[in-house]
Every structure is written in structure tokens, then in C-alpha cells.
Amino acid sequence: MKLSRKDILGMEDLSVEEINLILDTAESFIEVSTREIKKVPTLRGKTVINLFLEPSTRTRTSFEIAAKRLSADTISISAAMSSMVKGETLTDMARTLEAMNPDVIVMRHSAAGAPHMLSGLIKQSIINAGDGAHEHPTQALLDMLTIRERKEKVAGLKVAIVGDIAHSRVVRSNIYGLIRMGAEVTVAGPATMIPRDIDKMGVRVSCRMKEAIKDADVIMMLRMQIERQDGNIFPSLREYSNYYCLNAQNITLAKDDVLVMHPGPINRGVEIAPDIADGSRSVILDQVTNGVAVRMALLYLLVGGK
Ligand code: CP
């Protein structure tokens, strides 16, 4: 099987059938990472370039591991080690990489739309590994795989997403994906961190965390993205955490078997209490594990599937 598209740029344009194909394929790849020899020959002879022009631990490492477990050759490029520091433009860099004939370019960039621009420029497949505050499709896919693994479905679940909604690419990708797969999504955060028209994406909106997490099947906490905020949009981190930190008291409002998720990296004690992040309802590390399988699935379905 193969996805009949060149790139994965966002969840916005992925159909239910495509999402199910990616999640089913990812599920079949989970087992490879549990073997003693964690390698299959599927992408032998293919080349994957990880072009990470913004910091990353999880996404970059798991794309690299995913490609290696499929036997692809991988190269990682960061902004600091590239000729961008000498003033090379993204366009020139992309054309230079294209000339070396890789098969996939995985790209993270601080500017929304950067992978879309590259997609129109070069012939290779582009996977968006996060573009500014726009989309992070592979995060949403691994989140849905984790939900499906634990709850055996996505449709009909009550999902609360809490935190810095305005600056989060994770929330946008998850809203597109979760709504399309039939979940009921509520977003919550301080009014200054909620985009005005977000309800048009089909979500409920609340400024009260307790209202949002009541009877939730899944609570997804978001990181306070201090690096993307351009001013004081909340008086202090301490006050933020008084209202929006998931802790042992407010989690009792959710269903007993609620799943606690966080894309990482975590600000412990700001948006999530350490005992909840490390507690029995947390699937944060399962999300990381599933990230490898989802990225294997995407690489396979874009350039390896028959
Ligand atoms: N969730 C996520 O994108 O984490 P990294 O920034 O570490 O890749």
C-alpha cells in the first residue's frame, strides 16, 4: 500500500481513510522496535534527510530511528551546522539537497508554511515535522495511535486540550485529526492564549480548565511556549499554574480511566504536576514510543509501499 500523495504537510487535508491507513500501518510497525534486531530491509537504498532548523529531541530522534529501522540512509542537518549561518536561503538550500537526490526530506522550521513552500520547489517527498505555530501532523498521528491503542477507538471520546492554544502547532493538528475521526474536542486556556476563531474548527472553547476536563476520556496538556510568546500574556508562571496545571485534585473531575497526554517537552509544575506526569494514567512515554512507529509508517507509505 502507498499513500497517493507526495508529501505530508498537515492533518488539515488528510482523509479518514488516509489517517486509518497510517495508524494501521504504524500499529504493524510497533513490533519491529521490540525485536532484538530492530531492523527490516523495507527502505534499503532510500535516503532520508532530517532538516531540523528548530530544536527538537523527540521528533528528530524518532524520525532518525524510524528511518534506520527501515534500513534507509539518514542525514541530519541543523541550522547551526548548515550554510544558513553563511546566509544561504532556504530555497537555495532545498535545491542543493534536491540535487543530491534524497527520497524524503523531513523538515522542522520556525516559519508557518515553510514545508509547503519547499513542497512546491522540489520533487522529493516532504514531511512536516512542525512549522511555526501552524501544524505538527506526525505528533497528532502518534497521539491518535496512542489513544486508539488504549481506548480502542477515537470516535465519541471526549478530549480536553488545555494550555497555550494560540502558539501550539500540536493543538491545530490534533483538532483537525480528532474532529475528523469523530472525537468531541474542548480546548481551554487563558483568553489571551485562545485564538479568536478557533471554534470554527469545530471545537468547544472554555477559559475554565475544570469545565473542559469534566468527564474527559483524554486530557492533553500543552507546553507553555514561552519562546513563541511576544509579551506578558499571563501575569506569571505561578499564577498560570494555579489555574491551568493538571494536578491530583482537578484530575478527579475527569473519568476514572482518563488518559493523560503531553507532546513534550514538559514544564513540570507549570502545566502538569510531576506526580500526574509520572502517574498511572499518564501515557506520555507511550506517545514517544508510538512516534517511532508512526514515522516508520509515513516513510514506508510515502516511498516504500508497494
Ligand atoms: N513533541 C515534540 O515535537 O517534541 P520535540 O520538540 O522534542 O521534537
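Everything numeric here is computed off the predicted structure, so don't read it as measured data.

Undergrad: So what exactly am I meant to see when it comes to the domain arrangement of the protein chain here?
TA: Frequently, the measure chosen for interface size is the accessible area removed from exposure when the parts meet. Taken as a whole, the protein chain is organised into domain 1 (16-135 + 288-303) and domain 2 (137-284). Computed from C-alpha coordinates alone, the two centres of domain 1 and domain 2 are separated by 26 Å. Facing the 31 residues of domain 1 at the interface are 25 residues of domain 2. With both sides pooled, the region where domain 1 packs onto domain 2 buries about 2200 Å², and carbon together with sulfur makes up 58% of that total. The interface formed by domain 1 and domain 2 holds 3 salt bridges in total. With its nearest N and O atoms 3.1 Å apart, the salt bridge here joins glutamate 27 to arginine 148. Where domain 1 packs against domain 2, one counts 10 residue pairs in polar contact (both at pLDDT 80 or more). Of all the elements, helix α1 (residues 16-29) adds the most residues to the side of domain 1 that touches domain 2, at 8 residues. In the side of domain 1 that touches domain 2, the residues fall into 13 nonpolar, 10 polar and 8 charged.

So, how was this worked out
- Residues numbered from 1 in each chain as written.
- Predicted model: local features only at pLDDT ≥ 70, side-chain atom pairs only at ≥ 80, totals over all residues.
- Heavy atoms only, no water.
- Domains from an automatic or database assignment.
- Contact = heavy atoms within 4.5 Å.
- Buried area = accessible area lost by both parts, 1.4 Å probe.
- Salt bridge = Lys/Arg side-chain N within 4 Å of Asp/Glu carboxyl O.
- Polar contact = N/O pair within 3.5 Å; in protein donor to acceptor, adjacent residues only side chain to side chain.
- Helix = DSSP H or I, 4+ residues; strand = E, 2+ residues; numbered from the N terminus.
- Nonpolar A, V, L, I, M, F, W, Y, C, P; charged D, E, K, R; others polar.

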